[in-house]
Every structure is written in structure tokens, then in C-alpha cells.
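Below, each chain spelled out in residue letters.
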Amino acid sequence: MEVGLLADRALRDRAAGQVVAVFERSFYAVIDGIWICIGQTGIGSGPLQVLGDFRWPGLVVGDPVRVADCVLWIAGTPLANLAARSVWAPRAAPHWSIGSLRRGLDAVDEMWGDDLTSEGLAAVGAGPVPSDASALVRAAMPGLAALERVLAGGDDHAVQDSGLGSLIGLGPGLTPSGDDLIGGALIALAALGRTERRDALWDRCRTLLDGTNDISRIHLRAAALGYGAAALHAAIHATMSGEVAGVRRAFAALAAIGHTSGRDAFAGSLIVLRHALRER
């Protein structure tokens, strides 16, 4: 079994909590105040995940969760032997240059077509927003403008907060498209080593989190530390290093994350990466 580096902090002997949400391929639990996502291997690696060949028939919200003698117990049933776990963490960001980043973004542009951007906020990752943009993309415009100002190092908190608030909680889904986009931007900033701008963006967003749901909030908090889905890290790193084959592989993995979540998050990353290229 595999455990994400943030979830691993919760899995200490005598830790206890309860199930807070149940889905077809995963469920969320809070253990000693730390959120984790327990699921089947197919949902993909990430900082909050506990992955394995698990089954949880009849599980309901409120069922107890505990750790005892290196065993994870769910609703009174042993689910996993934690002694055998491996801990997942994203790889370090690759070396990159303006040339490699330009090559990676050119590869993205060849694939980031209409079939990938027709839903959610993925279209904004392609650069200029098209005139026939969807209602969701149009609703995101104030937030996208505020994001660009943060990336440029602007200091007008009041204006930026107002715009970013239009992204938080925007769109349908367990993790709304606007949240996914901000998370992708945070992770890309961390990968580029631009922690001051990442922290500036998070400083403006963290006061707005009442506008979204609990699960999306915890994923945003992980993104503020630079951690997200393994597929997103792979896509960012391949784009930075100009690894064209890696970009192609990452697209398929991103499309498997939620309905549009993977692509929405990468759109936020692409906004950051395109800004970095312009700055250089």
C-alpha cells in the first residue's frame, strides 16, 4: 500500500477519528484533525491518499477510524497493515531553462485542443480567452485578472482579494473548477521555486475559503505546501523540462482525475508557466 506524505502524519499509533465522506472509489476520514483520502489504487497518488486494494462495503459517514499496532481499522474492521506502507512524495522539480519551458509549452499547445477544453476552466490554460468562452470561463475572468496581478507582484490586496473570491468555489464538482485552478497555480509556483509569490497567492486565498467545501479546502491547503496529484506534478515537470513525450503521457493521467479537475488544475499551472516565460 502507498501513503501520501501528508496522510502519513495522521497514521500514528492510537490515532483515532471518523469517516466524513464516502464515494465509489474512495472515502475521506479525519484522524486527530488530519484529513486523509483512502481509496483504490486507480485514483492516483497524492499527498492525502492512502491507496491499496481496499473494499469498504456498507461504510457510512460517522464510522470510527483508528490506528492500533500498525493496523488501520475502519468501522471495527482491519483495512490495512501500515507496517508495509511506502510513502509517496512528489519528485524534486527538474532543471529547466527558457528554451526547455518554451519547448514544453509548444508541446502543450499542440495537444490542448477543443476536445480537452470544452468543459470546466481548462480553456484558460491555452492563453488568451476566446470570445465565445463558456459562462463558467466568463465568470472566472475577475479571478484570472487578479491571479495575473499576484503573479506580477502587485500589492493591492483589496482588489486582488475581490477578484480571487470569484474563483473560490466556482463550478460544479467535489473540488470546483476555480479551486482546482488556484491549486494548480500554487503547485506550479512551488515547482518554479517562486515561493514568495506562492505564499502571496495563498495569503490572499486563505481568507476566502469559506466560499468552498471542506474537501476542496483541504486540497487547497495541500497545494499551498506545494503538493498535489502525482499526475499534475508530472505534467508540470514535463512542461518545464521540455520533455514532449512526458507531456503527452501526463495528458491521459490528468484527464482521469475527476470530471475536469485534472485539466482545470493544469490550466492554473499553465497560467503560471506562461507568465514565467514572459517574465524571462
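Calculation rules
All chains use their own residue numbering, which begins from 1 and follows the written sequence. Thresholds applied to this predicted model are a pLDDT of at least 70 for local features of residues and 80 or more for the giving and counting of side-chain atom pairs; totals over whole chains, interfaces and linings are not thresholded and use all residues. Think of the side-chain values as coming from all heavy atoms in the structure, minus any hydrogens and water. Starting at the N terminus, helices and strands are each numbered in turn, a helix being any DSSP run of H or I of at least four residues and a strand any DSSP run of E of at least two. The globule rule used here is 2.2 Å times the number of residues to the 0.38 power, and the radius of gyration it is set against is calculated over C-alpha atoms. Any residue under 20% of the maximum accessible area for its type is buried, any over 50% is exposed, and the rest in between are partly exposed; the area is computed with a 1.4 Å probe on protein chains only. Residue contacts follow a heavy-atom distance rule, with two residues in contact if any of their heavy atoms lie within 4.5 Å. We score Asp and Glu as negative and Lys and Arg as positive, and we do not count His or the chain ends. For this purpose, a charge sits on NZ of Lys, CZ of Arg, CG of Asp or CD of Glu. The criterion for strand pairing is that DSSP finds at least two bridges linking the strands in question. Using a grid of 1 Å spacing that covers the protein atoms alone, one calls a set of points a cavity when a 1.4 Å probe fits there but cannot get out, and a pocket when the set is open and has protein on both sides within 12 Å along at least five of seven lines; lining residues are those with an atom within 4 Å of a point. Grid points are joined across faces, edges and corners, and a volume is the space filled by probe spheres set on the points. The nonpolar class holds Ala, Val, Leu, Ile, Met, Phe, Trp, Tyr, Cys and Pro. Asp, Glu, Lys and Arg form the charged class, and all remaining residues, Gly among them, are polar. Residue count minus one, scaled by 1.5 Å, sets the expected span of a helix.

### Let's talk about the overall build of the protein
In step 1: For the protein, the count of helices and strands is 10 helices and nine strands.
In step 2: For 280 residues, the compact-globule estimate of 2.2 N^0.38 gives 19 Å, and the C-alpha radius of gyration of the protein, at 19 Å, lies within 12% of that figure.
In step 3: A burial count over the protein gives 50% of its 280 residues as buried.
In step 4: The long-range share in the protein, meaning contacts at least 24 apart out of those at least 6 apart in sequence, stands at 67%.
In step 5: Taking the 25 positively charged and 29 negatively charged side chains of the protein as two groups, their mean positions are separated by 5 Å.

### Some remarks on the pairing of strand E4 (residues 34–40)
The two faces of the sheet receive side chains in turn, since in a regular strand these alternate between them.
In step 1: Within E4, five of the seven residues are buried, which leaves it mostly tucked inside the rest of the structure.
In step 2: Alignment of strand E3 (residues 26–31) against E4, held across six bridges, turns out to be antiparallel. Each residue of the ladder has a partner; that of Val30, found in E4, is Trp35.
In step 3: Connecting E3 to the next strand, E4, in antiparallel fashion are two residues, including Asp32 with a positive phi near 50°.
In step 4: Both E4 and strand E5 (residues 49–52) contribute to a ladder of four bridges, which runs parallel. Residue pairing in the sheet places Ile38 in a bridge with Val50 of E5.

### Here we look at the layout of surface pockets
In step 1: A volume near 1000 Å³ is recorded for the largest pocket.
In step 2: Lining of the largest pocket is provided by 47 residues; of these, Thr175, His219, Ile257, Gly258 and Ser261 occupy positions nearest its centre.
In step 3: Secondary-structure elements contributing two or more residues to the lining of the largest pocket are E3, helix H5 (177–191), helix H7 (214–224), helix H8 (230–241) and helix H10 (261–279).
In step 4: The element contributing the most residues to the lining of the largest pocket is H5, with six residues.
In step 5: Split by residue class, the lining of the largest pocket holds 22 nonpolar, 20 polar and five charged.
In step 6: Reported here for the second largest pocket is a volume of approximately 360 Å³.
In step 7: What lines the second largest pocket is a set of 17 residues, among which Arg91, Ala230, His233, Ala234 and His237 lie closest to the centre.
In step 8: Elements represented by at least two residues in the lining of the second largest pocket include exactly H8 and helix H9 (244–255).

### Comments concerning H8
In step 1: If you check H8, its first and last C-alpha atoms are 16 Å apart, about what 12 residues at 1.5 Å a residue would give, namely 16 Å.
In step 2: Counting buried positions along H8 gives nine out of 12 residues, so the element sits mostly inside the fold.
In step 3: Within the sequence span of H8, burial applies to Ala231, Leu232, His233, Ala235, Ile236, His237, Ala238, Thr239 and Met240.
In step 4: Packed against the buried residues of H8 are strand E9 (86–88), helix H1 (98–111), H5, H9 and H10.
In step 5: The positive-phi residue at the C-terminal boundary of H8 is Gly242, with phi of around 70°.

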